Amino acid sequence: MKENIKVENYEIALSYAHADLSIAELVGKELINIFADKFFMDTHNPYELASADDFTAKLANIFRNADYAVILYSKKYNDGEFAKVERDALVDNAEKKNDYSHIFIININDYKVYEKLSKCTYILLEAPEDEDGKSIKEQINYIINKKIKECIIKKTIYQTKKSTEYSFNIQTLESDSNPFRWKTDYDWNLLGGAYIGEDGRKIKDGSSWEEFWGYIKNEFTLIKDNLDMLPGVVFKLHLNCHLSIAYKLGQMYGDLWQQPRKRNLILASSIKSEDISFIFEKEINCEVPDDFCIEYEGNNLKSLDIACIISIKQEKNEQILETVKQFLDNSKIECSKICLFQKEIIIKDVSTLEGMGQYLREKMKELRIRTGSECTIHLFADTAAPLMFVLSAKTIFPGGVKLYEYIPKIDSYEFSLEG
């Protein structure tokens, strides 16, 4: 069999017997939500094999070269002609490397496993013949998202011990909005297919912002908790995400002014056609700007709530004030004042970033104290994601914060999350 046939390098490949296709499709659905186009399954990627001169050799090489593999094992698996090709390629590669940690076996009903696969990670899937499918789906969701994915994440973090940086891509916006192919240790296109609609921003019908954030929160918690055990490793976050998500991630990360662990951080973002990285040095040197907040009367002077608009970017957003006012009126949200923080600037260094974050935080705290202890701040933003991260990455003012996301398709906002 030829071993030098060029194939696409997939992050994960699924091997199964076609007699188990219905269960394999459920597994594939979960894997594609995580790995997107870096996931291989023959029914999902027919073009890979359709034009092959040597079908068997190309199939073997796909599995031999994949970073990880999932085998859906059953009584019927060893009877599959092509499943055997995939299995033997995986075993051959594992034996050469003396490493089976990249192979996961989902065993349907605890069927006796091929001896050479006994060193692989083993997970049982109970699948009664009269099952309506619901509990199988729940088991598969748990197996993929808790067992397999967590194992892969921990492995990538363990490998980080050999380096000084761990990169994590927070990708919740459509991929076209990010022209850069960042090299990251954890670079799965988070949630795009599972929660985001066709416009690349709005949550899909049937999903919610809370579910969306809950998924990211669980992912981020796992990575952060494991990285906290490696205090010398710098955490690099690529923020190609909704501003509400950047804000919530900053809250989770915690106070950037703490020493020493909290400042082992790099935030990366693409602004226009430029890739900008903010490296947080141990010494804190902020450039706090002069006050540039403009206050406007709200739609109910007796209300205890206020609206804050952060519009800090290169090109001035001329419409943002009127857009927010119209949204508040249409949504029947009453605010005593609207505070506009607008500045035409590209933030390119940590000193400016942290200074701007500190200014906004202190100013919003002052506004809230003036308004009263029951004040809720309604926060609207059109700025860079790292600024939203830094704004919330230190204990902010007491009281409620509500976050809103701009949806271009409707030229208005929608409520996203409680801050």
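Note: the structure precedes this text.
Sequence order as written defines the numbering, with residues in each chain counted from 1. At least 70 in pLDDT is required for a residue's local features to be given in this predicted model, at least 80 for side-chain atom pairs to be given and counted, and no such filter applies to totals for whole chains, interfaces and linings, which use all residues. The basis for every side-chain value is the complete set of heavy atoms in the structure, and neither hydrogens nor water enter the calculation.

**Focus on the overall build of the chain**
Helix numbers and strand numbers start at the N terminus; a helix is a DSSP run of H or I with at least 4 residues, a strand a run of E with at least 2. The secondary structure content of the chain amounts to eleven helices and 15 strands. Looking at the 419 residues of the chain, the share that counts as buried comes to 53%. Working definition: with a 1.4 Å probe on protein chains only, accessible area under 20% of the residue-type maximum means buried, over 50% means exposed, and in between means partly exposed.

**Section: the sheet that holds strand β13 (residues 376–381)**
By definition, two strands form a pair when at least two bridges between them are found by DSSP. On the basis of which strands lie adjacent, the open sheet formed by six strands has the order β10-β12-β11-β13-β14-β15 and mixed pairing. What marks the edges here is a single partner per strand, and that holds for β10 (293–297) and β15 (412–418). Strand-to-strand twist in this sheet, taken as the mean axis angle between neighbours without regard to direction, amounts to 25 degrees. Summarising the sheet, strand β11 (residues 306–313) and β13 pair through five bridges and their orientation is parallel. Of the residues in β13, the one forming a bridge with C308 is L379. It only takes one pair of heavy atoms within 4.5 Å for two residues to be counted as in contact. Angular values range over 0 to 180 degrees, each being the angle between N-to-C directions of two axes fitted as lines to C-alpha atoms, with helices fitted over their stretch in contact. Here helix α8 (residues 243–253) sits on the sheet in contact with β13, β14 (400–407) and β15, set at roughly 145 degrees to β14. Running at roughly 70 degrees to β15, helix α9 (residues 320–330) makes contact with β10, β11, β12 (337–344), β13, β14 and β15 of the sheet.

**Some points on the packing of helix α10 (residues 350–371) against helix α11 (residues 385–392)**
Orientation of α10 relative to α11, taken along the N-to-C sense of each, is 55 degrees, at an axis distance of 8 Å. One finds that α10 runs oblique with respect to α11. Classified by chirality, the crossing of α11 by α10 is right-handed. Every residue of α11 that contacts α10 at L353, E354, M356, G357, L360, R361 and M364 is listed here: P386, L387, V390 and L391. Any residue that is not Ala, Val, Leu, Ile, Met, Phe, Trp, Tyr, Cys, Pro, Asp, Glu, Lys or Arg is counted as polar, Gly included; the first ten are nonpolar and the last four charged. Each residue belonging to the contact of α10 with α11 can be placed in one class, and the counts come to eight nonpolar, one polar and two charged. Relative orientations are named as follows: roughly parallel for angles under 35 degrees, roughly antiparallel for angles over 145 degrees, roughly perpendicular for angles from 65 to 115 degrees, and oblique for any other angle. Crossing handedness is defined as follows: a turn of the near helix away from the far one that is anticlockwise and smaller than a right angle gives a left-handed crossing, while the clockwise case is right-handed.

**Some thoughts on the nonpolar core**
Residues belong to a common nonpolar core when they are buried Ala, Val, Leu, Ile, Met, Phe, Trp, Tyr or Cys residues joined through side-chain atoms within 4.5 Å. Counting 90 residues, the largest nonpolar core has F235, L237, I245, I310, F341, L360 and L379 as the members making the most contacts within it. Looking at this core, the element that brings in the most residues is helix α7 (residues 209–227), giving nine residues. With sequence-adjacent residues up to four places away left out, F341 is seen in contact with F292, C293, C308, I309, I310, S311, I312, Y359, L360, K363, M364 and L367. Core analysis: the second largest hydrophobic core is formed by 23 residues, F40, Y77, V91 and C120 among them.

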